Amino acid sequence: MKVGIVTKWFNRGQAFVSRYIRDALEEAGHETFILARPTRDKGPMAAHVDRTGVWDQPGVTEASDWEVPMEEYERWIADNGIEVVHWDNCYQHEEIARLREQGVKTVGRFVWEMFSPEDAEPAKRAYDVLYSMTRCEQERYAGFGIDSPYVQWGLHKELLEAAEKAKHGERHPRTRSGGDDAVVYYFPGALLGPRKPHKEVVEAFQAARGDNLRLIFKAQLERRMKYLEKAAAEDPRIELVIDDMETAEHLRLFAGCDVCLGPSRWEGLGLFLYEAVAFEMPQITNDSPPMNAAPLATMPRTVLPLLQAQLPNGPAPSAAKDNTQTQDARGIIESTPESPAAPKS
């Protein structure tokens with residue numbers, strides 16, 4: 001079967017999900033084609049489609065705009081003989097419905113907290129299948145009258161390969177600053193948007209006792225830098241890694257740490273949770289969905305008591321300005337097992 005995938009195509013969560021879906025479909029014997037939507041971001045990432053590293057792949061067509069014109073969809077589908085198209089978080093309901101009327105099978109998913117009740121009926125007209133990758137996502141759709149099948153997300157082979165390299169001593173040099181006795185925490189800050197309680201994480205770590213503790217505070221771009229630089233200057237155990245790293249280097253850094261310190265106000269999927277599972281790494285996060293969902297069920301039972309850093313329940317709009325404080329997680333950090341997930345070298 002010939003399958004088209006409409007997606008961002010650079011170092012962002014949506015694109016990683018799409019790239020992994022492509023690999024799974026290709027492994028199953030299908031032929032895939034990417035229609036890369038250029039970002040609508042302003043500044044250095046404006047209209048960006050990556051063609052380097054893991055993004056340097058055949059069968060990638062660049063769309064002219066984030067809102068892909070109907071004629072471009074039709075031409076891309078016709079030129080490649082595409083039978084099924086997969087969209088991720090695309091709100092072009094009218095165009096997708098028209099393609100469905102033309103006989104194209106349409107499949108999609110959305111970042112659950114952005115999908116409003118008003119989107120339900122247009123989406124049902126547009127998609128043959130609207131699936132879920134978290135149970136809370138599935139429950140939300142059900143409340144809108146959408147029968148959404150649940151698809152369990154898995155672990156891509158590049159994550160398992162990074163885990164093996166870390167086990168055999170190929171750790172990132174930035175994880176070694178504390179010496180062989182250090183316990184290194186990794187905070188996946190991503191874009192440091194409202195999902196990420198960066199201040200609460202830093203404050204909890206600063207309050208934790210232990211000269212052997214280290215925090216790798218990882219983010220993809222410079223935000224909140226005045227606060228973060230001050231915190232790192234006050235506590236030499238904190239290292240800021242502000243870099244939109246190439247995939248292999250990012251995975252080497254993450255896999256070389258010992259604990260994933262990943263509380264979050266909400267997640268669409270939470271790729272860092274799955275990465276930590278692949279790295280056999282204990283996780284500290286809040287006991288609310290989707291952070292406490294399927295991937296954590298595959299973790300060793302010994303890490304489950306660590307999931308105590310609570311964030312209060314509440315709505316999760318993407319534009320949220322909620323600055324609710326996390327509970328003091330000092331004791332959780334201090335209680336981390338002394339033996340790291342991967343051997344030091």
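## Side note on helix α3 (residues 93-101)
Right, so step 1: Those residues of α3 that sit buried are His-93, Ile-96, Ala-97 and Leu-99. All buried residues of α3 fall inside an arc of 160° around its axis, so they share one side. The exposed set on the far side of α3, more than 90 degrees from its buried face, consists of Glu-94 and Glu-101.
Right, so step 2: Buried-residue contacts for α3 involve α2 (70-80), β4 (84-88), β5 (105-109) and α4 (120-126).
Right, so step 3: Positioned one or two residues after α3, Gly-103 has a phi angle of 105°, which is positive.

## Some details on the side chain of Ser-264
Right, so step 1: Relative to the elements of secondary structure, Ser-264 occurs in the loop between β10 (259-261) and α10 (271-278).
Right, so step 2: We classify Ser-264 as buried; its relative accessible area is 0%.
Right, so step 3: Within polar-contact distance, the side chain of Ser-264 engages the side chain of Glu-267 at 2.7 Å.

## Thoughts on the pattern of salt bridges
Side chains that differ in sign of charge can pair as their charged atoms come close.
Right, so step 1: Under the criterion given, the structure shown has 14 salt bridges.
Right, so step 2: The residue Asp-88 makes a salt bridge to Arg-109 at a minimum N-O spacing of 3.8 Å. Of this pair, Asp-88 sits in strand β4 while Arg-109 sits in strand β5, and the two are 21 residues apart along the sequence.
Right, so step 3: With relative accessibility at 3%, the residue Asp-88 sits in the buried group.
Right, so step 4: Judged by its relative accessible area of 4%, Arg-109 is buried.
Right, so step 5: We note a salt bridge from Lys-124 to Glu-121, for which the minimum N-O separation is 2.8 Å. One end of the pair, Lys-124, and the other, Glu-121, are both in helix α4, 3 residues apart, so they sit about a helical turn from each other.
Right, so step 6: What makes Lys-124 partly exposed here is its relative accessible area of 32%.
Right, so step 7: Taking relative accessible area as the criterion, Glu-121 reaches 43% and is therefore assigned partly exposed.
Right, so step 8: It is possible to trace a salt-bridge network through shared partners that takes in Asp-88, Arg-109 and Glu-137.

Rules used in this analysis
Think of each chain on its own: its residues are numbered from 1, step by step along the sequence as written. Reporting in this predicted model follows two pLDDT cut-offs: at least 70 for local features of residues, and 80 or more for side-chain atom pairs to be given and counted; totals over whole chains, interfaces and linings ignore these cut-offs and use all residues. Calculated side-chain values reflect all of the structure's heavy atoms, with hydrogen atoms and water omitted. Burial status follows relative accessibility: with a 1.4 Å probe on protein chains alone, a residue under 20% of its type maximum counts as buried, one over 50% as exposed, and anything between as partly exposed. Every helix listed is a DSSP run of H or I at least four residues long, and every strand listed is a run of E at least two residues long, numbered separately from the N terminus. By definition, the arc is the one covered by directions from the helix axis to the C-beta atoms. By definition, residues are in contact when any of their heavy atoms lie within 4.5 Å. Whenever two N or O atoms come within 3.5 Å, that pair is a polar contact, provided that in protein one can donate a hydrogen and the other can accept it, and provided that, for residues adjacent in sequence, both atoms are side-chain atoms. Definition used for salt bridges: Asp or Glu carboxyl oxygen within 4 Å of a side-chain nitrogen of Lys or Arg.

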